[in-house]
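For reference, the chains in residue letters:
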Amino acid sequence: MSNFKFSRVPFIDRLQKINEDILLAGGQRRIDKQHANHKLTARERLDLLFDEGTFTEYDRYVVHRCSDFGMEKQKFYTDGVITGHGKINGRTVYAFSQDFTIFGGSLSETFAEKVCKIMDQAVLVGAPVIGLNDSGGARIQEGVLSLAGYAEIFQRNVDSSGVIPQISLIMGPCAGGAVYSPALTDFVFMVENTSYMFVTGPEVVKTVTNEDVTKEDLGGASVHTAKSGVAHKKFENDIQAIASTRNLMSYLPSSNNEDPPRREWTLEDEANQASPDILNNIIPDDPNKPYDMKMVIESVLDRNEFFEIQPDYAKNIVVGYGHVEGRVVGIVANQPQVLAGCLDIDASIKGARFVRTCDAFNIPVVIFEDVPGFLPGTDQEYGGIIKHGAKLLYAFAECTTPKITIITRKGYGGAFDVMSCKQLSGDMNYAWPTAEIAVMGAKGAVEIIFRGKNVEENTANYEHTFANPLKAAENGHIDDIIAPSATRQRIARDLELLENKDMHKPYRKHGNIPL
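Note that the coordinates shown come from a computational prediction; the quantities given were computed from them, not determined experimentally.

> Can you help me understand helix H10 (residues 238-249) in this one?
Each α-helix winds once per 3.6 residues, and so residues spaced three or four apart point in a common direction. If you check H10, its first and last C-alpha atoms are 17 Å apart, about what 12 residues at 1.5 Å a residue would give, namely 16 Å. When H10 is considered as a whole, its buried residues turn out to be Asp 238, Ala 241, Ile 242, Ser 244, Thr 245, Arg 246, Leu 248 and Met 249. By the N-cap criterion, in which a side-chain oxygen at the helix start approaches the backbone nitrogen of a residue two or three places on, H10 is capped by Asn 237, the distance to Ile 239 being 3.1 Å.

> What's the story with the nonpolar core in this structure? I'm lost.
Counting 50 residues, the largest nonpolar core has Leu 49, Ile 130, Tyr 321, Val 332 and Leu 343 as its most contacted members. With 5 residues, the top contributor of residues to this core is helix H13 (residues 345-360). Core analysis: the second largest hydrophobic core is formed by 27 residues, Leu 279, Tyr 291, Ile 482 and Ile 491 among them.

> Can you help me understand the sheet that holds strand S5 (residues 166-170) in this one?
Backbone hydrogen bonds are what pair the strands of a sheet, in a parallel or an antiparallel way. In spatial order, the strands read S1-S2-S3-S4-S5-S7-S9; together these 7 strands make up an open sheet with mixed pairing. The open sheet has two edge strands, strand S1 (56-58) and strand S9 (233-235), and neither has a second partner. Between one strand axis and the next, the sheet turns by 20° as a mean value, whatever way the strands run. As defined by bridge partners, S5 adjoins strand S7 (residues 187-191) across 4 bridges and the pair is classed as parallel. Looking at S7, one finds that Ile 170 is bridged to Met 190.

> How do you make sense of the pattern of salt bridges when you look at a structure like this?
Note on pairing: side chains with opposite charge can pair once their charged atoms come close. The full count for this structure, using the stated rule, is 28 salt bridges. Measuring nitrogen to oxygen at the nearest pair gives 2.9 Å for the salt bridge that ties Glu 152 to Arg 156. Placement of the pair is Glu 152 and Arg 156 together in helix H5 (residues 144-160), with a separation of 4 residues, close to one helical turn. Measuring nitrogen to oxygen at the nearest pair gives 2.2 Å for the salt bridge that ties Arg 356 to Glu 398. Here Arg 356, found in helix H13, pairs with Glu 398, found in helix H15 (residues 385-398); they are 42 residues apart in sequence, far enough to count as distant. Residue Arg 356 is classed as partly exposed on the basis of its relative accessible area, which comes to 36%. Here the salt bridges share partners, and the residues they tie into one network are Lys 39, Arg 45, Asp 134 and Asp 238.

> What is the right way to look at the packing of helix H17 (residues 442-450) against helix H18 (residues 455-466) in this model?
For any two helices packed against each other, one specifies the crossing angle of their axes together with the interaxial distance. Following both chains from N to C, one finds H17 and H18 inclined at 120°, their axes separated by 9 Å at the closest point. Judged on the interaxial angle alone, H18 and H17 are oblique. The element H17 and its partner H18 pack so that their crossing is right-handed. Each of Ala 442, Ala 445, Val 446, Ile 449 and Phe 450 in H17 lies in contact with H18, whose residues at this interface are Val 455, Asn 458, Thr 459, Tyr 462 and Glu 463.

> How should the state of the cysteines be read in this particular structure?
Simply put, disulfide is the name for a covalent bond between the sulfur atoms of two cysteines. Enumeration according to the criterion identifies 0 disulfides in this entry. The closest cysteine sulfur to the non-disulfide-bonded Cys 66 is located on Cys 116, 18 Å from its own sulfur. Here Cys 399 stays unpaired: no disulfide links it, and the sulfur of Cys 358, its closest cysteine neighbor, is 7.4 Å away. Judged by its relative accessible area of 0%, Cys 399 is buried.

Scoring rules and cut-offs
- Residues numbered from 1 in each chain as written.
- Predicted model: local features only at pLDDT ≥ 70, side-chain atom pairs only at ≥ 80, totals over all residues.
- Heavy atoms only, no water.
- Helix = DSSP H or I, 4+ residues; strand = E, 2+ residues; numbered from the N terminus.
- Expected span 1.5 Å × (residues − 1).
- Buried < 20%, exposed > 50% of the residue type's maximum accessible area, 1.4 Å probe, protein only.
- Polar contact = N/O pair within 3.5 Å; in protein donor to acceptor, adjacent residues only side chain to side chain.
- Core = buried A, V, L, I, M, F, W, Y, C linked by side-chain atoms within 4.5 Å.
- Pairing = 2+ DSSP bridges.
- Axes fitted to C-alpha atoms, helices over the stretch in contact; angles between N-to-C directions.
- Salt bridge = Lys/Arg side-chain N within 4 Å of Asp/Glu carboxyl O.
- Parallel < 35°, antiparallel > 145°, perpendicular 65-115°, else oblique.
- Left-handed = near helix turned anticlockwise from the far one by under 90°.
- Contact = heavy atoms within 4.5 Å.
- Disulfide = S-S within 2.5 Å.

Printed below as a string of structure tokens:
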């Protein structure tokens, strides 16, 4: 009895103090420094990410096991990462949030175990995982244990790929081996001026190559959204990045065993939808004059809302998500305003990755095609346009979700085939009356066929035959020639028709996409 006062009551008091300390993470001074650097804390980020009051934390009392370099004297609960699950728009989502105020968010053995636990459980229940990254990298004091922890996470990234959506938010440093976990996920969002990603930092670059470069110029948000294509979107601050992540979740299913969430769409909504009649006059009379394909996309989507992915990278192809009568669709479209809509290496990679993501998560793909061909030049040939262009072809050919293609103007050469033609198991393929489907444009074709003879007359004859979609329709390569203003209605009907599409491929371990 004399020991009673040291059991329950004191522990409850001590536990309360521990919980208060946990909320302070690495201490108020470090929290203040985080805010001074225009960054939210790990907990503040989770509070914004999840529906209010829904977050359940795991393993908050975990501490590291390292006893080298005096680490046994430095222990913090959570060990630098907050893990758990909550609700986003009412649906379960798992998340981990790296805490830069504790050991700089560096990864230890126990840190990795916490992350792996929620990744395993997410696959078990069929729920997405979101990682909020703000870390100095591996915890050097733990050596190979830290490296092994990264590898455990990488393995789960790969095992979860195409099973559950994985989203990475880079909200601080992410360097060295740590970059490969976000790189393996489906979407990477970055925050301007506070986040960066690189395999080797500026100091190493200076030593090895004698280049002077800042962290921002080497691996900042602008670099990875516009040049490397590593990241999909950039945002001014943490708040915007998290809000956009919540929005992205509204287009994705919880796992590959589900269809994307359907948004309510009523007759009143349809009555308030902007008229698509603008599409009847959007194609210029001059076949070489550009127009904005995004206007076409937005005119077809519910409320004209388009969630674009990688808007700053490979702008000659446009990809993103929207709704048609409440159903989620993925959009892939050539952009005539950039490189005349030609496919190049970057556009092929961007498009292929997006199509495969849609296919993995049961999202129908709608293709708006206006492509004069592949971009010519030694840079493209030496860079492997043959191999990279084949990635986009492969992605469309293996895609088993509904595929609806609308040719708005040009469909020339091999690029016509690549952009989900009928023979690549396209479900519905349409052409506007302005479509031109041929091996090449009239000028080039006449020069080759007629060797410069009767150019004007032969060009007129060629254009009469091929500068329209009739020949393709006569041969069954397109299903119909439709008025541009009827595009949204046709897509909506086809999505309903193809809702239960069930296409099976022959068994194989996996295909060998030309990487």
